Amino acid sequence: MGLFQKLVSFLGVGRKEVNVLVVGLNNSGKSTVVNNFKSDDDKVTDIVPTVGFSVERFQKQNLAFTAFDMSGHGRYRDLWEHYYKDCHGIIFVIDSSDRLRLVVVKEELDLLLQHPDICQKKIPILFFANKMDCKEALSSVKIAAALGLDKIMDKPWHISASNALTGEGLQEGVEWLTQQIRELLSVKN
Amino acid sequence: MSGFKRDKKEEEDGGGNPFQNIEKTIVLQEARIFNETSVNPRKCTPILTKLLYMLNQGEQLSAKEATDVFFAMTKLFQSKDVILRRLVYLGIKELSSIADDVIIVTSSLTKDMTGKEDLYRAAAIRALCSITDATMLQAIERYMKQAIVDRNPAVSSAALVSSLHMTKIAPEVVKRWVNEAQEAVNSDNIMVQFHALGLLYHIRKSDRLAVTKLVARLTRTMSSKSPYAVCMLIRIAAKLIEEEGADSNSPYFDYIEACFRHKSEMVVYEAAYAVVNLNRTTNRELAQAISVLQLFCGSPKPTLRFAAVRTLNQVAISHPAAVTACNLDLENLITDSNRSIATLAITTLLKTGAESSVDRLMKQIATFVSEISDEFKVVVVQAIRALALKFPRKHSVLMNFLSAMLRDEGGLEYKASIADTIITIIEDNPEAKETGLAHLCEFIEDCEHVSLAVRILHLLGKEGPKTKQPSRYIRFIYNRVILECPSIRAAAVSAMAQFGASCPDLLENIQVLLARCQMDSDDEVRDRATYYSSILNRQDKSLYNNYILETLQVSVPALERTLKEYTNSNTEQPFDIKTIPVSVVSKPDDHEVKQKTEGMLISSGPAKITPSREENFATKLNSLPGIQILGPLFRSSEIVELTESETEYVVRCVKHCYTHHMVLQFDCLNTLNDQLLENVRVQLDTSEGYEIISDIPCPKLPYNETGTAYVIVKFPDGDLPNSIATFGAVLKFVVKDCDPATGLPDIDEGYDDEYMLEDLEITLGDQIQKVSRANWGSAWEEAESTFYEMEDTYSLSSMNTLEEAVINIIKFLGLQPAERSDKVPKGKTTHTLLLAGIFRGGIDILVRAKLALADGVTMQLTVRSTDESIAELITSVVG
């Protein structure tokens, strides 16, 4: 970080607060992904299934992210919609080794895209094809095809293969998201 | 900071409560600010405070509103502001019972509860437990266990208290936390120790052995740092002593005694309190406890003085001699500047004092009775009641004092207690009757409590006609008709009718008054007046008895239900009041006992009104096939155990009596976990004359579940003596062996088996419903001409006292004693017991038993009944 940037962030001038929503099926690795973004002091060692949601904060390139890490358990999925309003971006985590439930993922994604709070807005969606290290993992291209991502016309989206345990692929994805949100904010302003 | 300043300024400007004029819709509207991307704690905090204030004022939110505001509130978790976060916890707790999907915050709360910020942790635990249900508790169990043994006392206490609340919804899960609670008991912190002991006791309280062990261990080893915990331990120990009936050598006693020397006053008081309240204390311990209380009476701290004198007041009746020892100290407290202490001191002295000091003490009370609160006035009244029972000769002084108190200002409870006391004195002491009634008459002239006035009018109607000069009460009663509201007027009309029915010479005047009442503006008053005047016109004694002097004997809820059905059914048949079950005479006393033993930890809340037992049975039985033709349920007996309580199968029987049939309900419990019983039925070996109509088996009886089988039998036709019988009973069933873990049978085919039960007896009492007769004497006189009478003399050689004989006769015949004749005055050798009841089929029974004590009890039994064979049956059965 350059001296100027440090000064800017110190004064809190250029810093923007943004909310992102982290969703996906249970056991896809949402909390692990978010854990990876946090600074080293805040990281937790063991991740347990989230019940409801938890709020996490992290910094990326002058943007202060507040991530609502939602529970992916079937029982709580219909609670996601309470947080659709006022979010600037969505991170959708997919377990790429779980071929069986890919149809469930598609169904949940379609529901999300059709929701009135989401379909009107041009918010960026970042897909993580997580658990790429698993043997039977599908490639990100295959997943994109299976979910029919090419049909999403009105929103910017990006898919990147990732391994949340090591952090591989996460940086690339979140940089894209930061860029998109920045553009979105500047357009608004 | 600036926010605070501003708020303060506003407050000064507006004056008074800044939240005075808040409105629900506006607050909910403002709460939308929570949804904004970046949370502004300065704005959100006052809004959340308003919301909490509103909820605490009793404002109701709908589920939708609550859910919306709840989810908006969850967004505040992104703020790091400590005050805001703690307000969020409070909000979660308030809304947890109204909003949907509150489990959404589970993870956020567990994060706070295990986090580094100590300020969050305790509050987060409490909030978490308020949103958790039994299924979710498993998920947070690990954290709760950790929190219980946490080093921070606030966290540990919060976890312990929350666990205590959780035992209501998931006792099994909380039971597993015993080890953690054990560890917390040894904590150094006062509160943690107390709360841990509370939880431990609550987990184990149903298991006597475990409680005994717990107390034994703790009384020996506990570093008794926490006075609260020691107090609680004393209470548990006292309860154990009561339950076990332990004598003064028991270790619990030693422990309580040792506590007299504890350095905390609270503990010493608790120990003394426990000792004086024990049922069986020896004089030595009692003296010790009383001397402790005596010491406290002279303490400079008002709390201690109050506690001591209050306890002395409570036990003044049970241990008068011991309390008398403190009389000197109590005398000093009469002039205490704290009026509550002074009142209690005087009333205690009244309870223990001699007859000669009554006048002096009454004068003393009169000087400040107007200065004390209603609650303490009630205490004074109760003392006077005790005094009046003790010294009947003093009734005029006491009565004058009570009537003076009646004239003072006061709430309903206070006035009711005075009226109650006067009524008790009247009932107890015939000499006081006239003056007492006169005072009550005067009181209703100027009584603002409708319910009380109605009660007194009813009493006047009952007692007035029996006085020497009944006519003087009529003026008071008729004044009510002119001056009061409809419900009092109606009660006054009923009271006057009573006079008309009981005093023939007043009848003419009453008729004139009733005729005037028929012009009343209220329907009820007019109806009653017309009803009574037409009955009085008939000049028929039996009509008087049945329709004026006696009260309605059927159960009111059943009457209401049947009438509703009748009006909906659209039949030609007239309504028959005989089809309604007779109301059961309630026993008020077992309710109070319950309240005493519970409430050590968790208050039980106001008692719920439960439908009567008969009502419950009736609805259950009505679902059986073929039961409708039997007519209405007449009576259900008490539960009879047909097995020992610790056997393989536990069978209990309830006998439901109908007009011509008996339905036997067998509740069976299977206590073998490796057996599944099917087709469970009870085979009866009926005696002569009885006929089994049908047999309804219980199809399936898994482990630890109660199933019910029924047998319907018909009473012998026209052969009453044979209706009292003993049946042999055998439980028959098909056994299937099954896996204890899953409860699924191993094989499809089972085998037949049977199990002998104890014999089942059908007694006379099963066929008789108790009826309380308000006016037994006139019913008896009337029955002389119209009823059949049987008389016989018996010698009850096995009874040694009259009390014993009375209890046994009542139990055997299943009749209700009338006119309080079940209480045998002390020191008498003869007694007359008056009983009343109804035999199945609606046949009235009146029984008079004259008892004499001489080498056993001799009884002359006179039975009057509308049916000759029943009178005969009763006399023959007794012999």
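Residues numbered from 1 in each chain as written. Chains lettered and ligands numbered in written order. Predicted model: local features only at pLDDT ≥ 70, side-chain atom pairs only at ≥ 80, totals over all residues. Heavy atoms only, no water.

- Chain B carries the name Coatomer subunit gamma in an unreviewed UniProt entry, which gives Sitophilus oryzae as its organism.
- According to the UniProt record, the Sequence similarities (unreviewed entry) comment for chain B is "Belongs to the COPG family."
- Its UniProt record gives chain B the following Subunit (unreviewed entry) comment, quoted word for word: "Oligomeric complex." (UniProt positions renumbered as here; feature names shortened; annotations may be inferred.)

- Chain A is annotated in an unreviewed UniProt entry as ADP-ribosylation factor-like protein 6 from Sitophilus oryzae.
- UniProt lists a comment for chain A under the heading Sequence similarities (unreviewed entry), and it reads "Belongs to the small GTPase superfamily. Arf family."

1. Quick look at the overall build of chain A
At step 1: Within chain A one finds six helices and six strands.
At step 2: Counted from the first residue to the last, chain A has its helices and strands arranged as α-β-α-β-β-β-α-α-β-α-β-α.
At step 3: Per-residue burial for chain A yields a buried fraction of 51% across its 189 residues.
At step 4: Taking as baseline every contact in chain A between residues at least 6 positions apart, the subset at least 24 positions apart corresponds to 74%.
At step 5: With the model as given, the accessible surface of chain A reaches about 9,500 Å², and the carbon-plus-sulfur share is 54%. (Helix = DSSP H or I, 4+ residues; strand = E, 2+ residues; numbered from the N terminus. Buried < 20%, exposed > 50% of the residue type's maximum accessible area, 1.4 Å probe, protein only. Contact = heavy atoms within 4.5 Å. Areas by Shrake-Rupley, 256 points an atom, 1.4 Å probe, with all protein chains shown as cover.)

2. Some thoughts on the side chain of Q675 of chain B
All names here are of chain B.
At step 1: With respect to the helices, strands and loops of the structure, Q675 is situated in strand 5 (residues 675-685).
At step 2: Residue class for Q675 comes out buried when judged on its relative accessible area of 13%.
At step 3: Among the polar contacts made by the side chain of Q675, one reaches the side chain of Y649 at a distance of 2.7 Å.
At step 4: Beyond its immediate sequence surroundings of up to four residues, Q675 is in contact with Y649, N670, Y703, V735, K736, D737, C738 and Y751. (Polar contact = N/O pair within 3.5 Å; in protein donor to acceptor, adjacent residues only side chain to side chain.)

3. What about the confidence of the model for chain A?
All names here are of chain A.
At step 1: Put simply, chain A has an average pLDDT of 85, and 91% of its residues get 70 or more.
At step 2: Helix 1 (residues 3-11) is the least confidently modelled element of chain A, averaging 51 in pLDDT, while strand 4 (residues 89-95) averages 93, the highest of any element.
At step 3: Here residues 8-13 is a poorly scored stretch, pLDDT under 50, and it has four contacts once near neighbours within four places are set aside; other chains count. (pLDDT = per-residue confidence, 0-100.)

4. Here's the deal with helix 5 (residues 82-95) of chain B
All names here are of chain B.
At step 1: Its 14 residues give helix 5 an end-to-end C-alpha distance of 20 Å, which sits within 8% of 20 Å, the value for a rise of 1.5 Å per residue.
At step 2: When we look at burial in helix 5, the residues that qualify are L84, R85, L87, V88, Y89, G91, I92 and L95.
At step 3: Looking at the buried positions of helix 5, the neighbouring elements they touch are helix 3 (41-56), helix 4 (63-74), helix 6 (106-114) and helix 7 (118-131).
At step 4: Its side-chain oxygen placed 3.3 Å from the backbone nitrogen of I83, D81 serves as the N-cap of helix 5. (Expected span 1.5 Å × (residues − 1).)

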